[in-house]
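# Observations on the three-dimensional arrangement
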Amino acid sequence: MAEVKRYKTKPLECWQKAKEIRIQHYKDVWSAKENGKILLTGGEYSFLPLPAGLGGFEFLGGEPYGATIGTDPILSVECAEATETRNFARDMCSYMRLYWGSMFLDKSPWGKFIKPDLCLTWHLCESHGKWYQRVSEHFGIPTFAIEIPLRPDEGRRESHVKYLVAQLEESIEWMKKQTGRDYDDEKLIEAVTNEINATALWAKCCEFNKAIPAPLDLKSMFSLYIVNSLIRYKKEAVDFYRALYDEVQDRVNNQIAALATERCRLYHDAEPIWHFLQLFRYAEKYGAVCSASFYVFLVGTAFEADKNGSWVAAKTLDERGLKLKTRADALQVLAESYIDRPGLQGWQITRKVADSVRIAQEWRCDGALLHFNRGCEGLSAGLSEVRLAMKKAGIPTMSYESNMVDPREFSASQIIDALEAFLESMNLTKLEA
Amino acid sequence: MQKFPLATERHRYAQEWKARTGCKIMGYFCTYVPEEIVYAAGILPVRVLGSHEPQDLAEPHIFSMFCPFCRDCLAEGLRGNYDYLDGISHAQSCLHIRQSFESWQMHIPRAYSHYLFMPANLQSPSAQTCLEEELLEFKNTLEKWIGTPITAKALNESVEVYNLNRRLLRQLYELRKGDPPAISGAETMRITLASQFMDKKEHNQILQQLLQELAHSPRKIAPGPRVMVLGSENDDTELVELTESLGANVVIDDHCTGSRYFWNEVIPPSPSMGEGKGEGEHTDKILQAIASRYINRPPCPQKDLRDRRRFTHILKLAEEYKIQAAMLIQQKFCDPHELDIPPLQELFTRKGIPNIFLEVDVTTPVGQFRTRIEAFLETMQLELA
Ligand code: SF4
Ligand code: SF4
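Each value, and the rule that gives it
Residues numbered from 1 in each chain as written. Chains lettered and ligands numbered in written order. Predicted model: local features only at pLDDT ≥ 70, side-chain atom pairs only at ≥ 80, totals over all residues. Heavy atoms only, no water. Helix = DSSP H or I, 4+ residues; strand = E, 2+ residues; numbered from the N terminus. Rg over C-alpha atoms; globule rule 2.2 N^0.38 Å. Contact = heavy atoms within 4.5 Å. Areas by Shrake-Rupley, 256 points an atom, 1.4 Å probe, with all protein chains shown as cover. Lys, Arg positive; Asp, Glu negative; His and termini not counted. Charge placed at Lys NZ, Arg CZ, Asp CG, Glu CD. pLDDT = per-residue confidence, 0-100. Near = heavy atom within 4 Å. Nonpolar A, V, L, I, M, F, W, Y, C, P; charged D, E, K, R; others polar. Buried area = accessible area lost by both parts, 1.4 Å probe. Salt bridge = Lys/Arg side-chain N within 4 Å of Asp/Glu carboxyl O. Polar contact = N/O pair within 3.5 Å; in protein donor to acceptor, adjacent residues only side chain to side chain. Buried < 20%, exposed > 50% of the residue type's maximum accessible area, 1.4 Å probe, protein only. Pairing = 2+ DSSP bridges. Axes fitted to C-alpha atoms, helices over the stretch in contact; angles between N-to-C directions. Domains from an automatic or database assignment. Phe/Tyr/Trp six-rings, centres within 6.5 Å; stacked < 30°, edge-to-face > 60°.

### Examining the overall build of chain A
Within chain A one finds 17 helices and 12 strands. For chain A, whose C-alpha radius of gyration is 21 Å, the value lies close to the compact-globule estimate of 22 Å for 433 residues. By sequence separation, contacts in chain A at least 24 residues apart represent 79% of the contacts at least 6 residues apart. As displayed, chain A offers around 15100 Å² of accessible surface, 49% of which is attributable to carbon and sulfur atoms. The average position of the 55 basic charges and that of the 60 acidic charges among the side chains of chain A differ by 1 Å.

### Notes on the confidence of the model for chain B
For chain B, per-residue confidence averages 95 on the pLDDT scale, and 97% of positions sit at 70 or higher. Per the prediction output, this complex has pTM 0.96; the corresponding ipTM is 0.95.

### Structural notes on the site of ligand 1
Residues and elements named next belong to chain A. Taken together, Cys93, Tyr95, Cys125, Ser127, His128, Glu271, Trp347, Cys376, Glu377, Gly378 and Met404 make up all the residues around ligand 1. Counting only elements with at least two residues in the shell around ligand 1, the list comes to helix 5 (127–139) and helix 15 (377–380). The class makeup of the residues in the shell around ligand 1 is six nonpolar, three polar and two charged.

### Remarks on the environment of Ala215 of chain B
By the secondary structure assignment, Ala215 of chain B is in helix 8 (residues 200–216). For the pair formed by Ala215 of chain B and Lys18 of chain B, sequence separation is 197 residues and the distance between their alpha carbons is 33 Å.

### Examining the interface of chain A and chain B
Listed per partner, the contact involves 52 residues of chain A and 51 residues of chain B. Taken together, the two surfaces of chain A and chain B that pack against each other cover about 4100 Å², and 55% of this comes from carbon and sulfur. Together, Glu126, Lys130 and Tyr163 of chain A form the three largest contributors to the area buried by chain A at its contact with chain B, with a combined 16%. Salt-bridge contacts for Glu170 of chain A lead to Arg306 of chain B; the nearest nitrogen and oxygen are separated by 3.3 Å. In this structure, the connection of chain A to chain B is made through 28 residue pairs in polar contact (both at pLDDT 80 or more). For the side of chain A that touches chain B, the secondary structure elements donating two or more residues are helix 4 (94–105), helix 5, strand 5 (143–147), helix 6 (158–179), helix 14 (349–362), strand 11 (367–373), helix 15 and helix 16 (383–392) of chain A. Looking at the side of chain A that touches chain B residue by residue, the classes come out as 22 nonpolar, 16 polar and 14 charged.

### A few points about unusual backbone geometry
Excluding glycine, a negative phi dihedral is what most residues carry, and trans is how most peptide bonds are arranged. Residues and elements named next belong to chain A. The residue after Ile212, namely Pro213, is reached through a cis peptide bond having omega 0°. Inspection of the secondary structure puts Pro213 in the loop between helix 7 (185–208) and helix 8 (218–231). Between Asp269 and Ala270 the backbone carries a cis peptide bond, its omega angle lying at 5°. Checked against the element boundaries, Ala270 lands in the loop between strand 7 (264–269) and helix 10 (278–284). You will see that Asn87, though not glycine, has its phi angle at about 75°, which is positive. Counting through the fold element by element, Asn87 comes out in the loop between helix 3 (73–84) and helix 4. Judged by its relative accessible area of 51%, Asn87 falls in the exposed class.

### Digging into the side chain of Arg97 of chain A
Inspection of the secondary structure puts Arg97 of chain A in helix 4. With residues up to four places along the chain from it excluded, the contact list for Arg97 of chain A reads Cys79, Ala80, Thr83, Glu84, Ala89, Arg90, Met92, Asn403, Asp406 and Arg408 of chain A.

### So, the sheet that holds strand 6 (residues 249–254) of chain B
All names here are of chain B. With parallel pairing, the four strands of this open sheet are ordered in space as 6-5-7-8. Edge positions in the sheet fall to strand 6 and strand 8 (355–360), since each of these pairs with one other strand and no more. Going from strand to strand, the sheet's axes swing by 25° on average, the running direction of each strand aside. The sheet contact formed by strand 5 (residues 226–231) and strand 7 (residues 325–331) spans five bridges and is parallel. Counterpart to Met228 in the pairing with strand 7 is Ala326. Running at roughly 170° to strand 7, helix 14 (residues 335–350) makes contact with strand 5, strand 7 and strand 8 of the sheet.

### As for the site of ligand 2
All names here are of chain B. Close to ligand 2 lie Cys67, Phe69, Cys94, His96, Ile97, Ser232, Glu233, Gln331, Cys334 and Pro336. Among the residues making up the shell around ligand 2, the classes are represented as six nonpolar, three polar and one charged. Looking at which domains feed residues into the shell around ligand 2, each of domain 1 (7–124) and domain 2 (161–263 + 301–384) supplies at least three.

### Section: the environment of Arg12 of chain B
For Arg12 of chain B, the position within the fold is in helix 1 (residues 10–21). Considered as a pair, Arg12 of chain B and Asn81 of chain B are 69 residues apart in the sequence and their alpha carbons are 9.9 Å apart.

### Concerning the pairing of strand 4 (residues 118–123) of chain A
All names here are of chain A. Most of strand 4 is tucked away: six of the six residues are buried. Side chains Leu118, Leu120 and Trp122 project from strand 4 onto one buried face, and the interleaved Cys119, Thr121 and His123 project onto a second face that is buried too. Taken together, the two bridges between strand 2 (residues 38–42) and strand 4 define a ladder with parallel strand orientation. Looking at strand 4, one finds that Leu40 is bridged to Leu118. As judged from the five bridges shared by strand 4 and strand 5, these two strands associate in the parallel manner. Bridge assignment links His123 to a residue of strand 5, and that residue is Glu147.

### Quick notes on the side chain of Glu271 of chain A
All names here are of chain A. Within the element layout of this structure, Glu271 appears in the loop between strand 7 and helix 10. With no salt bridge to any partner, buried Glu271 finds its closest opposite charge in Lys352, at an N-O distance of 7.8 Å. Within the structure, Glu271 has its side chain in polar contact with the side chain of Asn373 (distance 3.0 Å). In contact with Glu271, other than residues within four places in its own chain, are Tyr95, Tyr295, His371, Asn373, Cys376, Leu379 and Met404.

### A look at the sheet that holds strand 4 (residues 112–116) of chain B
Backbone hydrogen bonds are what pair the strands of a sheet, in a parallel or an antiparallel way. All names here are of chain B. The strand order across the open sheet formed by four strands is 2-1-3-4, and the pairing between neighbours is parallel. Two strands in the sheet have a free side with no partner beyond their single neighbour: strand 2 (44–47) and strand 4. Each strand of the sheet is rotated relative to its neighbour by a mean of 25°, with strand direction disregarded. Note that strand 1 (residues 25–28) and strand 3 (residues 87–91) share three bridges and pair parallel. By the bridge assignment for strand 3, Gly27 is matched with Ile88. Along the sheet face, helix 4 (residues 95–107) touches strand 3 and strand 4 and points at about 155° away from the line of strand 3.

### Topic: the packing of aromatic side chains
On inspection of all chains with the given rule, the structure shows 47 aromatic pairs over all chains. Centre to centre, the rings of Tyr45 of chain A and Trp122 of chain A are 4.9 Å apart; their planes meet at 50°, and the pair counts as tilted. With Tyr45 of chain A in the loop between strand 2 and strand 3 (57–61) and Trp122 of chain A in strand 4, the pair connects residues that are 77 residues apart, well separated along the chain. Taken as a pair, Tyr45 of chain A and Trp122 of chain A share a single burial class, namely buried. Ring geometry for Phe29 of chain B versus Phe101 of chain B: centroids 5.4 Å apart, planes at 70°, classification edge-to-face. Here Phe29 of chain B is found in the loop between strand 1 and helix 2 (35–40), whereas its partner Phe101 of chain B is found in helix 4, with 72 residues between them in sequence. Grouping residues by exposure puts Phe29 of chain B and Phe101 of chain B together as buried. Joined through ring pairs, the aromatic side chains of Tyr26, Trp30, Tyr65, Tyr99, Trp110, Phe113, Trp131, Tyr132 and Phe139 of chain A make up one cluster.

See below:
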């Protein structure tokens, strides 16, 4: 067997910190009420800086919570079945089914489920607004949805920004009315500043992964993006991503690889199977590292499309020389940031198809793995067209069908067999341990 | 009397219409597309429907867990059965049908295609302005395509034609309030479906004649349990025919292929609002009125995100049409309705309205449904007795 090049490698220092933040976050959420905080719940992309103006609050994001339950196959099935016995279909968003099941059973990984005070959610895929409509009925609490408009062509449409800003303003008045609390614009401005900076910094870290060898692999990236998923409005998130940025830059400068034996780079979309992240380890045995993903570059990540359509990290507010002064400034910047993100606009299939191929090429991937995720219609929409486009672009592609958190739709042996056959078809062989 | 073409005859109708008028035809994928604007441009809007043929040409393009309707619509295009369409348009509703539309854009390109962002957060006052802008943009792109302006006069006339159609269909539905109803559910469904692909002026004419005829001689229908059908897109009359053949009367629906399509009118701006104003302002006022119509129409589940306005509307229909049972019909994998049906079932049960859930695929499993519906109607009648 020919000698395989070996890069230097070492564990990520920030990884442990991300884990601690995640654990602390759920502790904070579960103790919010006893600490006199308001507890909100909603989709992951809900505009988290908004409640900051009310003072102390915590936020339970539905998708990360669903994924957390999803790491425990026994609890997952229990929650999924609790939802199904209430007549909800098995093919609906599986994060939602697990969240609802946990709510119906009053059971969570940390004891009982918690009753939120308000639902405040984003809306883009079919499930977002409706998910919390059901939560609000279950607990008898109010709900508010904020829709992110999809633009039909290149370029920002001002009427869409206005629509989003108006909804953000409306939600502030609504929260004030529901909670009886005063609203502090300074706190909103601070939270928006944090979110813009934290999401831009994480996008820059993702950009570093164009380097060969890749400084990060997807499995680590799932643990790293979680900080933005959960607390991107906090200063702690900005500090975390600044430290991560420095660390990843150092890895690139010194050719420190995520996978020492990197000799093949793979693109992966959509969500992974959360209780089977070992899948990526199987690829690594062949020297294949998953280094780019539409899905990962979407979550808590502020990319923008340049004039050629390439994804480039958005600038931090300092880089833009911008200091937010008023509520209007903050809402405008927040709305523009969401509308400009190609990942969110990727809910449009034509755009997603072109962007997926572009990402695979620009992040220098040799092949693609597509997860036809039966648990997420949002991210599996358009995936069939992505598969056709990848093939047309000459990028070998393997697709597998499963479910991100429902183990009843999962077969390890089938997926591993398909993956190994795919890697072998790319002329890769298993490396010695 | 002239007859309404069946949905299966829609391609022949459209091709003949085109040959007769020499005008363009536009396929639309969702009833939130403001047809009035298309019609004002002298273009015939026709709803893209599937063929109910089991062979799945859409398989390489749309993942199997998306609804059979959206896959069937794409398959029908790939088969070439819609080759007479000059343009296509879509208004944001659900991800399923948008995939179909976008795959058309990629693989069955037309001279014109337009995606209109139809807001979902219709309970937000800001949706109105956003939609007005979208309508203006839609109008502008159409003008660019056809090469002539769409005047305020043309828009007004189009709104009148559409409003008349809506009014006539409401009159037709009124006839079902009687016991027994003066027209069957299946016949009403065929007429409503025809309005989604026929030239509205022609549809109005035939419908006016029919209404006159029915006023003198209602259809002979035996009294039977009064049923509401509701749920996903449903253009297959087979299920309603089957239900009625088993002795029930389908008296009302809440489908985008049925009542939701025509229930409310555009309230035209009063003529004085345009007095002394220029063409542009007249147009703005009409577009505002059209936007308002689409925002206030009975919502689809996807446009009903906070208070359940859809359920309030459904209960009102249930009361007005004195329904005794409900049939909840869902296209397999249809997320929007999967999200609404269980709470709707709870609501019906709380209100003492017996209900049955039926899942449909590209084809209707008639044999299996017959047994279930028969059993449902029997139990229901025992309960009512
Ligand atoms: S995008 Fe996927 S995970 Fe998110 S709510 Fe929709 S179906 Fe669920
Ligand atoms: S609403 Fe349901 S039936 Fe209609 S296109 Fe969407 S998923 Fe399909």
